[in-house]
Amino acid sequence: MTRRLSALSATMALVLAGAGACTQGTGDQAAGEGAPLPTGRAVVEAAATALGGVDRIQALRTLTLQGYGQYAYQYGGGNITGSPDAPMKLQAANDLRRVYDFENRRWRLLERRNFLFPFAIYGGHNFAPVNQVLDGDIAYDVAPDGATVRVGPTVGLGADGPRERRMWMLSNPVAAVRAGLDAGTTADNVRREDDLTLVDLRVASGDVLTLATGANDLPAWVRWSGPHGDLGEVGYTTHFVGYMPFSGIQLPMGYTTRLDWRDVDYLKIYVDGYTVDGPVDDMAAPE
C-alpha cells in the first residue's frame, strides 16, 4: 500500500510540474502579446509609408478610381426572406468612378445604376446616371441636363448629406490615411484585433472612423457608422484587397463594404484602374 501511495505521489508531482510548465509558457505568450502598442500617429505614419511614403501621400493632389460595382438592394432588406441563405437582390453600378480632389476637399461619385432583377417600374433598367458631389461641407447632385440641387442631411432608407458623403470619401485607404496625417486629426485608442492594429481617427470635422492596418502596415479596412431610416443606425466596414502600385502609390483593386446588420455585403467595387494626379473637373459648388 505504501509503495502504491509513493508511486501515486510521484505521478502527481510530475503532473503538477507539467502543469506549472504549461502555466509558465502561457504567461510568457501573454506577456509577448501585451507588448507596448504604438501611438496613433505612429500607426498612421506606418500606413502612409506602406502606401508610398508620408511625403508622397501628403503631396497627392487628385485621384480617380474607375471600375464597376454592385449594391445590395434595400441594404439587403429586399430579399425574399430574412434568412441569411436567401439570394441577394442586386443593383449594378456600371461606368463607376470615384473622383478625389484632395487639395480642395472635394469628391464626386459617378455611376450608372440598373436593377439586376425584374422591376415593374418605368426606368428600372435604363442605367440611370448618378452624379453626387461633395464640396467641403456642401453636398449637391447634378442631373443629366446639368441642373444642380443642394442635398441636406436626409434619413430615409439609408442616409445622405454632407456627412455621409464625407465618410464615403474617407472609405478609401489613401483618403483615410491623408486625413489621419492632418494636423487637425486626433489618432488614439490603439488596440489589437486578431492580427490587425486598430486606431480611431477623429478628423477636423468631428467625424470618427476606425482604421485597421495589417502586418505589412497597409490599410485593411475602415469602419464608421451612420443613421438609417429603418435600422436606426448601421455600421459600415470597407475592406481593401489586392493592392497594386499606381504611380508609386499602393492602391486596392477591390472594395467590399459590409454592414453590421446581417453581415450584408452592401457595396462591392471592382477596380479597373486609377489615375493619379490627373486632371479632374471643377467640383466647386455652384451658386
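Computed from a prediction, not measured in an experiment: that's the story for all the values here. (Residues numbered from 1 in each chain as written. Predicted model: local features only at pLDDT ≥ 70, side-chain atom pairs only at ≥ 80, totals over all residues. Heavy atoms only, no water.)

**Here's the deal with the overall build of the chain**
Now for step 1: Helix and strand counts for the chain come out as five helices and 15 strands.
Now for step 2: By residue count, 43% of the 287 residues in the chain fall in the buried class.
Now for step 3: Carbon and sulfur atoms make up 53% of the accessible area of the chain, which amounts to about 14900 Å² in all. (Helix = DSSP H or I, 4+ residues; strand = E, 2+ residues; numbered from the N terminus. Buried < 20%, exposed > 50% of the residue type's maximum accessible area, 1.4 Å probe, protein only. Areas by Shrake-Rupley, 256 points an atom, 1.4 Å probe, with all protein chains shown as cover.)

**Looking at the packing of aromatic side chains**
Now for step 1: On inspection of all chains with the given rule, the structure shows 13 aromatic pairs.
Now for step 2: Directly above the aromatic system of Phe117 lies the positively charged group of Lys89, at a separation of 5.6 Å from the ring centroid.
Now for step 3: If you follow Arg223 out to its NZ or CZ, it ends over the ring of Trp221, 4.0 Å from the centre. (Phe/Tyr/Trp six-rings, centres within 6.5 Å; stacked < 30°, edge-to-face > 60°. Lys NZ or Arg CZ within 6 Å of the ring centre and 35° of its normal.)

**Notes on the confidence of the model for the chain**
Now for step 1: When pLDDT is averaged along the chain, the result is 89; 87% of the residues meet or exceed 70.
Now for step 2: pLDDT under 50 marks residues 1-32. Its contacts with residues more than four places away, or in other chains, come to zero contacts. (pLDDT = per-residue confidence, 0-100. Contact = heavy atoms within 4.5 Å.)

**Things to note about the packing of helix H2 (residues 40-51) against helix H5 (residues 173-181)**
Now for step 1: At a minimum axis distance of 9 Å, the contact between H2 and H5 shows a crossing angle of 140°. By the criterion of interaxial angle, the relationship of H2 to H5 is oblique. For the crossing formed where H2 meets H5, the hand is left-handed. Of the residues in H5, those in contact with Arg41, Val44, Glu45, Ala47, Ala48 and Leu51 of H2 are Pro173, Val174, Val177, Gly180 and Leu181.
Now for step 2: When grouped by side-chain class, the residues that make up the contact of H2 with H5 number eight nonpolar, one polar and two charged. (Axes fitted to C-alpha atoms, helices over the stretch in contact; angles between N-to-C directions. Parallel < 35°, antiparallel > 145°, perpendicular 65-115°, else oblique. Left-handed = near helix turned anticlockwise from the far one by under 90°. Nonpolar A, V, L, I, M, F, W, Y, C, P; charged D, E, K, R; others polar.)

**Considering the pattern of salt bridges**
Now for step 1: Within the structure shown, the criterion is met by 17 salt bridges.
Now for step 2: A salt bridge links Arg106 to Asp135, with the nearest nitrogen and oxygen atoms 3.0 Å apart. Taken together, the positions of Arg106 in strand E3 (residues 106-115) and Asp135 in strand E4 (residues 128-135) put the pair 29 residues apart, joining distant regions of the chain.
Now for step 3: For Asp137, the salt bridge is made with Arg166, and the minimal N-O distance between the two is 3.5 Å. In this pair, Asp137 sits in the loop between E4 and strand E5 (138-142) while Arg166 sits in helix H4 (residues 162-170), placing the two residues 29 residues apart along the sequence.
Now for step 4: Linked through salt bridges whose partners overlap, the residues forming this network are Arg105, Asp137, Arg163, Glu164, Arg166 and Asp207. (Salt bridge = Lys/Arg side-chain N within 4 Å of Asp/Glu carboxyl O.)

**Comments concerning the pairing of strand E12 (residues 219-228)**
Here is the key point about a regular strand: its side chains alternate between the two faces of the sheet.
Now for step 1: Counting buried positions along E12 gives seven out of 10 residues, so the element sits mostly inside the fold.
Now for step 2: Counting the residues in the hairpin turn of strand E11 (residues 208-213) and E12 gives five residues, including Asp217, whose phi is positive at 75°.
Now for step 3: Sheet topology note: the E12/strand E13 (residues 232-246) ladder contains eight bridges and is antiparallel. Note that in E13 the partner of Val222 across the bridge is Thr238.
Now for step 4: What sits between the antiparallel neighbours E12 and E13 is a turn of three residues. (Pairing = 2+ DSSP bridges.)

**Topic: the nonpolar core**
Now for step 1: The biggest cluster of nonpolar side chains holds 57 residues, and the ones touching the most others in it are Ile57, Phe102, Val174, Val177, Leu209, Leu251 and Tyr274.
Now for step 2: The residues touching Tyr274, leaving out its near neighbours within four places in the chain, are Leu63, Thr64, Leu65, Gln66, Phe246, Leu251, Pro252, Met253 and Tyr255.
Now for step 3: In terms of nonpolar packing, the next biggest core, distinct from the first, is built from five residues, Leu196, Leu198, Ala212 and Ala220 among them. (Core = buried A, V, L, I, M, F, W, Y, C linked by side-chain atoms within 4.5 Å.)

**Things to note about the environment of Ala176**
Now for step 1: Turning to its location among the elements, Ala176 is positioned in helix H5.
Now for step 2: Residues Ala176 and Trp221, spaced 45 residues apart in sequence, show a C-alpha to C-alpha distance of 9.8 Å.
Now for step 3: Once residues within four sequence positions are removed from consideration, Ala176 is found in contact with Leu170, Leu201, Leu209 and Val222.

**Some thoughts on the pairing of E5**
Now for step 1: Sheet topology places E4 next to E5; four bridges connect them, and they run antiparallel. Within E5, the residue paired with Gln132 across the bridge is Asp141.
Now for step 2: Here E4 folds back onto E5, and the loop between the two strands holds two residues, one of which, Gly136, carries a positive phi near 65°.
Now for step 3: Count of turn residues in the E5/strand E6 (residues 148-151) antiparallel hairpin: five residues, of which Gly146 carries a positive phi of about 95°.

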